[in-house]
Amino acid sequence: MSRTIMLIPTSTSVGLTSVCTGVLRAMERKGVDVAFYKPIAQPRLDNSNHPDLTSAIIQATSDIKIGEPTSIAEAEHLIGADKTDVLLETIVERYNAVNKNSAVTLIEGIVPTRKHPFANQINAEIAATLGAEIVLVATPGTDNPMQLKERIEVACSHFGGIKNKNISGVIINKLNAPVDSSGRTRPDLSEIFDDSTAAIHTNLEVMQIFNSSPIKVLGCVPWTLDLIATRAIDIANHLKAEIINEGDINSRRIRSITFCARSLPHMLQHFKPGSLLVTSGDRPDVIVAASLAAMNGVEIGAILLTGGYELPAEIQHLCQPAIDTGLPIIRVEGNTWQTSLNLQSFSLEVPPDDKERIELINEHVASHIDVPWIDSLSEGSQGTKRFSPPAFRYQLTELARQARKRVVLPEGDEPRTVKAAAICAERGIAQCVLLGNPEEIRRVAAQQGVELGAGVEIIDSEKVRNNYVSRLVELREKKGMTEVVAREKLEDSVFLGTMMLENDEVDGLVSGAVHTTANTIVPPFQIIKTAPGTSVVSSVFFMLLPDQVLVYGDCAVNPDPNAEQLAEIAISSAESAAAFGIEPRVAMISYSTGESGSGADVDKVREATRIAKEKRPDLIIDGPLQYDAAIMESVAASKAPNSPVAGKATVFVFPDLNTGNTTYKAVQRSADLVSIGPMLQGMRKPVNDLSRGALVDDIVYTIALTAIQASQAEA
């Protein structure tokens, strides 16, 4: 039996869109088959391009089914003409279309505003008509927990009172957000709040207050600055600014705004990562100082020049090294005072195309939603659970937390690696060990605005290198290793990290952000070697399609495996899929399906399929299969009607590196999807290679994979 949940805001500015998408993410994590419906589209901030922000965000970032909304103008016309029943009939019809075959349908109510005073009444009627369970969404504003509790209980009066059994509870958003005297969130000029003496309320304190209320707290989401860290390009568009230097304007985040009106010694503390430095265009001293900070690795968000002044060619030439680091520079005609007023009117709503920030918001909100409530939503549902990308990523982090492993990162002073280590520590994914010069690592962390807490260990390479010389000589003596050569090898941080892994000081190794694949995997090949019963090391990528996760192997290691090796790669890939919750149905990919083709290449795949089936009759393996026959049911019906794999393959084993690497990159780039990997399989201890273009999240998830592999190897 399906369930319908309706999120209803108690007031304006509760962050309804963030809560909606976060609750959807919490359901996706658990594999709940969910649909979304906004009965009445309510444009905000006169954004005609996106009449309904939540639907636009969901459509841009997931494959969740979305119902067709009724425009606010049409709804107002029907309500004004006393035809609310007609409006409700339309809503029911569209609800039924999207609710079909879904375990849960999430409904978003409309926000009560001066323009839409009928919101509470129509929300109540929609909830009653659809038989929806009501979840209120509120924000504390200037209230203390007791005042908030009383306000929410009063809000329940619009929906039958606190004894109404259809009111499931409340989600409290923006706990401890900086607010003005009217209760509006005002973090846009965050320095204003530096000396704030407002009380900091904890989730536990709020929960305790509500213990005496029949209204259950289903989520308590703390406010954090990162959730409203907008891109520099969004600020530029809002101000209609001229872009002097584009740099990284599309990716750099603004976390604070500083008006540079004082002398330099009193402003330097504000030259920090994520700062938008606002200065008059005739202040070359500020521009040069900001450029020096950028050249020293401080990732300033952007420089905003006011007054319409041209940037002198001499200053631009002097600052060119800073400009080359990606520092965005923009210019407006108005003076600094006018610009400050314009900045205060900047909308904190997340644009639908800012996928990075949307992902951050979704994960943050989902992490603070009551897990038992989410689990209860699919109880009694007849539908199969979806193993979506969010569910896969959530499972990765949960399994990694449970593993509690120690992972060495030889590229300890690489900025993305430092950030990833801090994130892993914060989320409890793994204890990361950064190898390198401690002073340099801390300097890089400070430049990135990263705090390295107790969950990150820094090991000075120079101080520990000699500890492994004799052991390396012992391991490689038959290959001609001498003490002199061993010392030289251990100058390489990957070799050093590998020796720590061999000595059981760490549980896994992740490298490759600046090293080549060969640099990363050759030391483990020589020292760690393959697992018992394994003759070939291979790799898999986890391809996060919108509606499912596929496994591709081998796309990174073996150029041209023979039939025996290909069979072993297939078996290893199936085992890797199963280990991460993916039911393995293995397709051996070729240019021909079944018996229709011949030639050395297809014969190799055919023989590899036979060997794999013989070695592991318990696995579902078929081949040779063309890619379209393996993934598309319509093609499979004509090309391989009797195949147990065709049309529903989850593991794709490619015949050679050329085919595999080309396919994975083509699918990843053309479909704009996330891939996690390559994850090496077949090593005695887990070692994983990164792409040199890896993002911070890529490194985080690779560390998680490594921790899980270490745990599974022990088991």
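Scoring rules and cut-offs
- Residues numbered from 1 in each chain as written.
- Predicted model: local features only at pLDDT ≥ 70, side-chain atom pairs only at ≥ 80, totals over all residues.
- Heavy atoms only, no water.
- UniProt positions renumbered as here; feature names shortened; annotations may be inferred.
- Helix = DSSP H or I, 4+ residues; strand = E, 2+ residues; numbered from the N terminus.
- Rg over C-alpha atoms; globule rule 2.2 N^0.38 Å.
- Buried < 20%, exposed > 50% of the residue type's maximum accessible area, 1.4 Å probe, protein only.
- Areas by Shrake-Rupley, 256 points an atom, 1.4 Å probe, with all protein chains shown as cover.
- Lys, Arg positive; Asp, Glu negative; His and termini not counted.
- Charge placed at Lys NZ, Arg CZ, Asp CG, Glu CD.
- Arc of directions from axis to C-beta.
- Contact = heavy atoms within 4.5 Å.
- Pairing = 2+ DSSP bridges.
- Axes fitted to C-alpha atoms, helices over the stretch in contact; angles between N-to-C directions.
- Salt bridge = Lys/Arg side-chain N within 4 Å of Asp/Glu carboxyl O.
- Core = buried A, V, L, I, M, F, W, Y, C linked by side-chain atoms within 4.5 Å.
- Right-handed = clockwise from strand over helix to strand, strands pointing away.
- Left-handed = near helix turned anticlockwise from the far one by under 90°.
- Parallel < 35°, antiparallel > 145°, perpendicular 65-115°, else oblique.
- Nonpolar A, V, L, I, M, F, W, Y, C, P; charged D, E, K, R; others polar.
- Phe/Tyr/Trp six-rings, centres within 6.5 Å; stacked < 30°, edge-to-face > 60°.
- Expected span 1.5 Å × (residues − 1).

- An unreviewed UniProt entry lists the chain under the name Phosphate acetyltransferase, with Vibrio marisflavi CECT 7928 given as the organism.
- Listed in UniProt under the heading Function (unreviewed entry), the comment for the chain reads: "Involved in acetate metabolism."
- Here the chain is described in UniProt, under the heading Subunit (unreviewed entry), as follows: "Homohexamer."

## Topic: the overall build of the chain
Phase 1: Scanning the chain from terminus to terminus reveals 28 helices and 27 strands.
Phase 2: Over its C-alpha atoms the chain spans a radius of gyration of 28 Å, differing by no more than 12% from the 27 Å that the globule rule assigns to 715 residues.
Phase 3: When the backbone C-alpha atoms are referred to their principal axes, the chain occupies close to 85 × 70 × 50 Å.
Phase 4: Of all 715 residues assigned to the chain, the portion counted as buried reaches 55%.
Phase 5: Accessible surface, the chain as shown: approximately 31100 Å² in total, 50% of it carbon and sulfur.
Phase 6: A distance of 3 Å separates the average location of the 66 positive side-chain charges in the chain from that of its 88 negative side-chain charges.

## A closer look at helix H19 (residues 469–476)
Phase 1: Among all positions in H19, only Val469, Leu472, Val473 and Arg476 are buried. When H19 is viewed along its axis, its buried side chains cluster within an angular range of 100° and face the same direction. With respect to the buried face of H19, the exposed residues turned more than 90 degrees away are Ser470 and Glu474.
Phase 2: In this fold, the buried residues of H19 make contact with helix H20 (483–489), helix H21 (493–502) and helix H22 (517–527).

## Notes on the UniProt feature "domain: DRTGG" (unreviewed entry) in the chain
Phase 1: Mapped onto this numbering, the UniProt entry gives "domain: DRTGG" (unreviewed entry) at residues 234–345.
Phase 2: Between the end C-alpha atoms of residues 234–345 there is a gap of 13 Å, over a span that is 33% helix and 21% strand.

## Points about the sheet that holds strand E27 (residues 687–689)
Phase 1: If you trace the five strands from one edge of the open sheet to the other, you get E19-E18-E17-E20-E27, paired in parallel fashion. The outermost strands of the open sheet, each flanked by one partner alone, are strand E19 (456–460) and E27. Each strand axis lies, on average, 25° off the axis of its neighbour in the sheet, ignoring direction.
Phase 2: The sheet contact formed by strand E20 (residues 508–511) and E27 spans three bridges and is parallel. Within E27, the residue paired with Leu509 across the bridge is Val687.

## Some thoughts on unusual backbone geometry
Phase 1: In this model, Gly553 is joined to Asp554 through a cis peptide bond whose omega is -15°.
Phase 2: Of note, the amide linkage connecting Gly623 to Pro624 takes the cis form, showing an omega dihedral of -5°.
Phase 3: Topologically, Pro624 is positioned in strand E24 (residues 620–625).
Phase 4: Of note in the backbone geometry, Ser13 takes a positive phi value of approximately 60° without being a glycine.
Phase 5: Its place among the elements puts Ser13 in the loop between strand E1 (3–9) and helix H1 (16–29).

## Here's the deal with the pattern of salt bridges
Phase 1: Evaluation of the coordinates by the stated rule reveals 41 salt bridges.
Phase 2: The partner of Arg25 in a salt bridge is Glu363, with the nearest N and O atoms 2.6 Å apart. A residue pair is termed long-range when its members are at least 10 positions apart, and Arg25 in helix H1 and Glu363 in helix H13 (residues 355–366) qualify at 338 residues. Like Glu363, Arg25 is buried.
Phase 3: In this structure, the salt-bridge partner of Arg231 is Asp353, at a minimum N-O distance of 2.9 Å. Residue Arg231 is located in strand E10 (residues 230–231), and its partner Asp353 is located in the loop between helix H12 (336–344) and H13; the two are separated by 122 residues in the primary sequence.

## Comments concerning the nonpolar core
What tends to happen in soluble globular proteins is that the nonpolar side chains get buried as a cluster.
Phase 1: If you look at the biggest cluster of nonpolar residues, it comprises 55 residues, and the most contacted ones within it are Phe392, Phe542, Met588 and Ile703.
Phase 2: The element best represented in this core is helix H28 (residues 696–714), accounting for nine residues.
Phase 3: Excluding residues within four positions of it along the chain, Phe542 makes contact with Phe392, Val549, Leu550, Val551, Ser576, Phe580, Ile582, Val674, Ser675, Ile676, Met679 and Leu705.
Phase 4: Core analysis: the second largest hydrophobic core is formed by 38 residues, Ile110, Ile122, Ile126 and Val170 among them.

## Focus on the pairing of strand E18 (residues 431–436)
Phase 1: The element E18 is largely enclosed, with a buried count of five among its six residues.
Phase 2: Pairing between strand E17 (residues 406–409) and E18: four bridges, direction parallel. Within E18, the residue paired with Arg406 across the bridge is Gln431.
Phase 3: Running through helix H17 (residues 438–447), the crossover from E18 to the neighbouring parallel element E19 is right-handed.

## Side note on the packing of H21 against H22
Phase 1: It is at 9 Å that the axes of H21 and H22 come closest, and there the two elements cross at 40°. Read as a crossing pair, H21 and H22 show a hand that is right-handed. Residue-level inspection shows Val494, Phe495, Thr498, Met499 and Glu502 of H21 in contact with H22, the latter providing Asn519, Thr520, Pro523, Pro524, Gln526 and Ile527.

## A few points about the packing of helix H16 (residues 415–427) against H28
How two helices pack is summed up by the angle between their axes together with the distance between the axes.
Phase 1: In contact at an axis separation of 9 Å, H16 and H28 are set at 50° when each is read in the N-to-C sense. Between H16 and H28, the crossing angle belongs to the class labelled oblique. H28 is crossed by H16, and the crossing has right-handed handedness. In this structure, H16 contributes Arg416, Thr417, Lys419, Ala420, Ile423, Cys424 and Arg427 to the contact, and H28 contributes Val696, Ile699, Val700, Tyr701 and Ile703.
Phase 2: The residue makeup of the contact of H16 with H28, split by class, is eight nonpolar, one polar and three charged.

## What about the packing of aromatic side chains?
Phase 1: Tallying each qualifying case throughout the model produces eight aromatic pairs.
Phase 2: Ring geometry for Tyr552 and Phe652: centres 5.6 Å apart, planes at 65°, overall edge-to-face. Of this pair, Tyr552 sits in strand E22 (residues 549–553) while Phe652 sits in strand E25 (residues 651–653), placing them 100 residues apart in sequence.
Phase 3: The buried category is assigned to Tyr552, whose relative accessible area is 0%.

## Structural notes on the pairing of E22
Here is the key point about a regular strand: its side chains alternate between the two faces of the sheet.
Phase 1: Counting buried positions over the five residues of E22 gives five, a clear majority of the element.
Phase 2: With burial as the criterion, each face of E22 is covered, one bearing Val549, Val551 and Gly553 and the other bearing Leu550 and Tyr552.
Phase 3: One ladder, built from five bridges, connects strand E21 (residues 538–544) with E22; its direction is antiparallel. Bridge pairing links Phe541 to Tyr552 in E22.
Phase 4: Where E21 folds back on E22, the antiparallel hairpin that results is connected by four residues.

## Quick look at helix H24 (residues 600–615)
A turn of α-helix holds 3.6 residues, and therefore any two residues three or four places apart point the same way.
Phase 1: A rise of 1.5 Å per residue sets the reference length of H24, with its 16 residues, at 22 Å; its end C-alpha atoms lie 22 Å apart and thus fit the reference within 8%.
Phase 2: Residues of H24 that are buried in the fold lie against helix H23 (563–579), strand E23 (585–589) and E24.

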